[in-house]
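The primary structure of each chain is shown beneath.
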Amino acid sequence: MRVNSVKDLEITKGDRVFIRCDFNVPTDEFGNITDDRRIREALPTIKYLLDVEAKIILASHMGRPKGEFDEKFSLAPVAKRLSHLLHEEVILAKDVIGDDAKTKAKSLKDGEILLLENVRFEAGETKNDENLAKELASFGEFYINDAFGVSHRAHASVHAITKFFEDSYKAGGFLLLKEINFFHKLLQNPARPFTAVVGGSKVSGKLQALINLLPKVDKMVIGGGMAFTFLKAQGYEVGNSLVEEDLIDEANHIMNEAKRLGVKLYLPVDIVAADKFEENAMVKYTTYQEIPEGWMGLDIGPATVRLFGEVIEDAQTILWNGPMGVYEMDKFARGSFKVSHEIARTHGTKVVGGGDTADLVQRAGDDEEMTFISTGGGASLELLEGKKLPGIEALELK
């Protein structure tokens, strides 16, 4: 896969550069940003273009507005945080392709930054509308995609827009290329032993990733709600734990395939079981064979944490995608946090899939210990599934 880097483009002082970023950051009820990692990850590309005194037009989505202006999804907090991080004024347009955006873009001086409003305020964004893409393309002479987290979507500002730029005028930003390179090396040439730690609630969400990873890894650890489908496939009674009955055959296939390939596959040996799916539920530790009738497993137990810790101890490469339990509830977060600590203290390359896993690692205070934390949950998962991402495919050199 060959994709231009922003450094490969002949961008000089005064050139207009349109950058698609991923500023889809979480906010609290007052609109304050609670995690600015995605904004900070975009800084190297923006700073590089500031150094050449280009005119910079930034675009991003935030949340899921329904194709029209919605104050709670405004990028105003992003503009403020970005301005603070860059120590530069970031001008915010009141619209996306309207008069205010066009007027402000036209009056940009060399080395100034304009942030368009949330691109999903335009209904055509999620429909990959070429008319919207053409309007967006008119803002810049060069196009940079630095939004890995949304590159698995064929959206107007990610996919259709690339049709309006020649190869020598479009490229991936530093963040996008870093994501591609990490996952390419991870899947094609990892240092061994290579261990995948896979969690999350459902097998269906990770099925293709599991199948694609099996021939590439030496060990596979499965936790989270998805583990109960595997335990049920082995004939164990799992109470009211989450089970995808229609995927029991697939779970058996994965376990048999692991055996055939010589991949060591590990499942939880003890469970934190609860009588209901609530923070104030009654809780007990139980082995996976003894989950009480009517109870459900919501986290891995201490013996499983020790087991998983021993499994990953000698790993030279670890890929972690998906929590070990319902970590959003404090009572069921301990297993995930302890596994995070175990991974953090290993000496190999530690790659964390985005989304919930990235959030979990930050909550556990282990983010500084990880080698790489992806900014894209869905995008990183699709790469692990072996899929091509529309936003990246559109940048591939012919």
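Parameters and conventions
- Residues numbered from 1 in each chain as written.
- Predicted model: local features only at pLDDT ≥ 70, side-chain atom pairs only at ≥ 80, totals over all residues.
- Heavy atoms only, no water.
- Helix = DSSP H or I, 4+ residues; strand = E, 2+ residues; numbered from the N terminus.
- Rg over C-alpha atoms; globule rule 2.2 N^0.38 Å.
- Buried < 20%, exposed > 50% of the residue type's maximum accessible area, 1.4 Å probe, protein only.
- Contact = heavy atoms within 4.5 Å.
- Areas by Shrake-Rupley, 256 points an atom, 1.4 Å probe, with all protein chains shown as cover.
- Lys, Arg positive; Asp, Glu negative; His and termini not counted.
- Charge placed at Lys NZ, Arg CZ, Asp CG, Glu CD.
- Pairing = 2+ DSSP bridges.
- Axes fitted to C-alpha atoms, helices over the stretch in contact; angles between N-to-C directions.
- Core = buried A, V, L, I, M, F, W, Y, C linked by side-chain atoms within 4.5 Å.
- Expected span 1.5 Å × (residues − 1).
- Bend = angle between axes of the 7 residues up to and from the residue.
- Right-handed = clockwise from strand over helix to strand, strands pointing away.
- Phe/Tyr/Trp six-rings, centres within 6.5 Å; stacked < 30°, edge-to-face > 60°.
- Lys NZ or Arg CZ within 6 Å of the ring centre and 35° of its normal.
- Polar contact = N/O pair within 3.5 Å; in protein donor to acceptor, adjacent residues only side chain to side chain.

S.K.: Run through the overall build of the protein, naming residues and quoting values.
M.R.: Secondary structure assignment for the protein yields 13 helices and 15 strands. Taking 2.2 N^0.38 as the reference for a compact globule, 398 residues should give roughly 21 Å; the C-alpha atoms of the protein span a radius of gyration of 23 Å, in line with that estimate. Along the first, second and third principal axes, the C-alpha atoms of the protein reach 70 × 45 × 35 Å. Buried positions account for 57% of the 398 residues belonging to the protein. Taking contacts inside the protein between residues at least 6 apart in sequence as the whole, the part at least 24 apart equals 73%. When the accessible surface of the protein is totalled, it reaches about 17600 Å², and 46% of it is carbon and sulfur. Here the protein contributes 49 positively and 63 negatively charged side chains, and the mean placements of these two sets differ by 2 Å.

S.K.: With reference to specific residues and values, describe the sheet that holds strand β3 (residues 90–92).
M.R.: Taken together, six strands build an open sheet; the order of strands is β3-β4-β2-β1-β5-β6 and the sheet is parallel. Each of the sheet's edge strands pairs with one partner strand only, and the pair in question is β3 and β6 (170–172). Ignoring which end each strand starts from, the neighbouring axes of this sheet average 25 degrees apart. Taken together, the three bridges between strand β5 (residues 142–145) and β6 define a ladder with parallel strand orientation. Note on β6: the bridge partner recorded for Tyr143 is Lys170.

S.K.: Describe the nonpolar core, and please don't skip the residues or the numbers.
M.R.: Counting residues in each nonpolar core, the largest one holds 75 residues, and the members touching the most others are Phe18, Leu116, Phe183 and Phe230. In contact with Phe183, other than residues within four places in its own chain, are Phe148, Leu319, Val351, Phe372, Ser374, Ser380, Leu383 and Leu384. In terms of nonpolar packing, the next biggest core, distinct from the first, is built from 30 residues, Val6, Ala54, Leu75 and Leu82 among them.

S.K.: Quick one: what's the story with helix α1 (residues 37–51), residue by residue and with numbers?
M.R.: Helix length check: α1, at 15 residues, gives a terminal C-alpha distance of 22 Å against a target of 21 Å (1.5 Å per residue), a fit within 8%. Taken as a whole, α1 carries its principal kink of about 35 degrees at Leu43; the proline Pro44 stands between one and four residues after it. Restricting attention to buried positions, one finds in α1 the residues Arg37, Arg38, Ile39, Glu41, Ala42, Leu43, Thr45, Ile46, Leu49 and Leu50. Immediately beyond the C-terminal end of α1, within one or two residues, lies Glu53, with a positive phi of roughly 60 degrees.

S.K.: A description of the pairing of strand β2 (residues 55–59) should follow, citing residues and the corresponding values.
M.R.: Counting buried positions along β2 yields five of five residues, so the element is predominantly enclosed. Burial of β2 is two-sided: the residues Lys55, Ile57 and Ala59 facing one way and the residues Ile56 and Leu58 facing the other way are all buried. Inspection of the sheet shows strand β1 (residues 16–20) paired to β2 by five bridges, in the parallel sense. Its bridge partner lying in β2, Arg16 is registered against Lys55. Between β1 and its parallel partner β2, the chain crosses via α1, and the hand of that crossover is right-handed.

S.K.: Any chance you could break down the packing of aromatic side chains for me, citing the residues and the numbers?
M.R.: Aromatic rings in a pair are described by how distant their centres are and how their planes are angled relative to each other. Scanning the entire structure with this criterion turns up eight aromatic pairs. With centroids separated by 6.3 Å and ring planes inclined at 15 degrees, the aromatic side chains of Phe148 and Phe183 adopt a geometry described as stacked. With Phe148 in the loop between β5 and β6 and Phe183 in helix α5 (residues 174–188), this residue pair connects regions lying 35 residues apart in the sequence. For Phe148, a relative accessible area of 0% corresponds to the buried category. The buried category is assigned to Phe183, whose relative accessible area is 2%. Among the aromatic residues, ring-to-ring pairing joins Phe18, Tyr143 and Phe165 into one connected group. Directly above the aromatic system of Trp295 lies the positively charged group of Lys284, at a separation of 4.8 Å from the ring centroid.

S.K.: Got a sec to walk through unusual backbone geometry? Specific residues and values, please.
M.R.: In the segment running from Arg192 into Pro193, the intervening peptide bond is cis, with an omega of 5 degrees. For Pro193, the location among the structural elements is in the loop between α5 and β7 (194–198). The backbone of Glu53 shows a phi angle near 60 degrees, a positive value even though the residue is not glycine. Within the secondary structure, Glu53 is located in the loop between α1 and β2. Despite not being glycine, Asn128 has its phi angle at roughly 55 degrees, a positive value.

S.K.: Residues and numbers for the sheet that holds strand β12 (residues 296–300), please.
M.R.: Pairing in this open sheet of three strands is antiparallel, and the strands run β11-β10-β12 from one edge to the other. If you trace the sheet from one side to the other, it starts and ends with β11 (283–287) and β12, each paired once. Recorded for the sheet is a direction-independent mean angle of 40 degrees between the axes of neighbouring strands. Direction of pairing for strand β10 (residues 270–274) relative to β12: antiparallel, over a ladder of four bridges.

S.K.: Just give me the short version of the side chain of Ser336, but keep the residues and values in it.
M.R.: Relative to the helices and strands, Ser336 resides in helix α10 (residues 334–344). Exposure remark for Ser336: the relative accessible area of 0% places this residue in the buried category. A distance of 2.9 Å separates a polar atom in the side chain of Ser336 from the backbone nitrogen of Met324. Setting aside its immediate chain neighbours within four residues, Ser336 contacts Asp299, Trp320, Pro323, Met324, Gly325, Tyr327 and Leu360.

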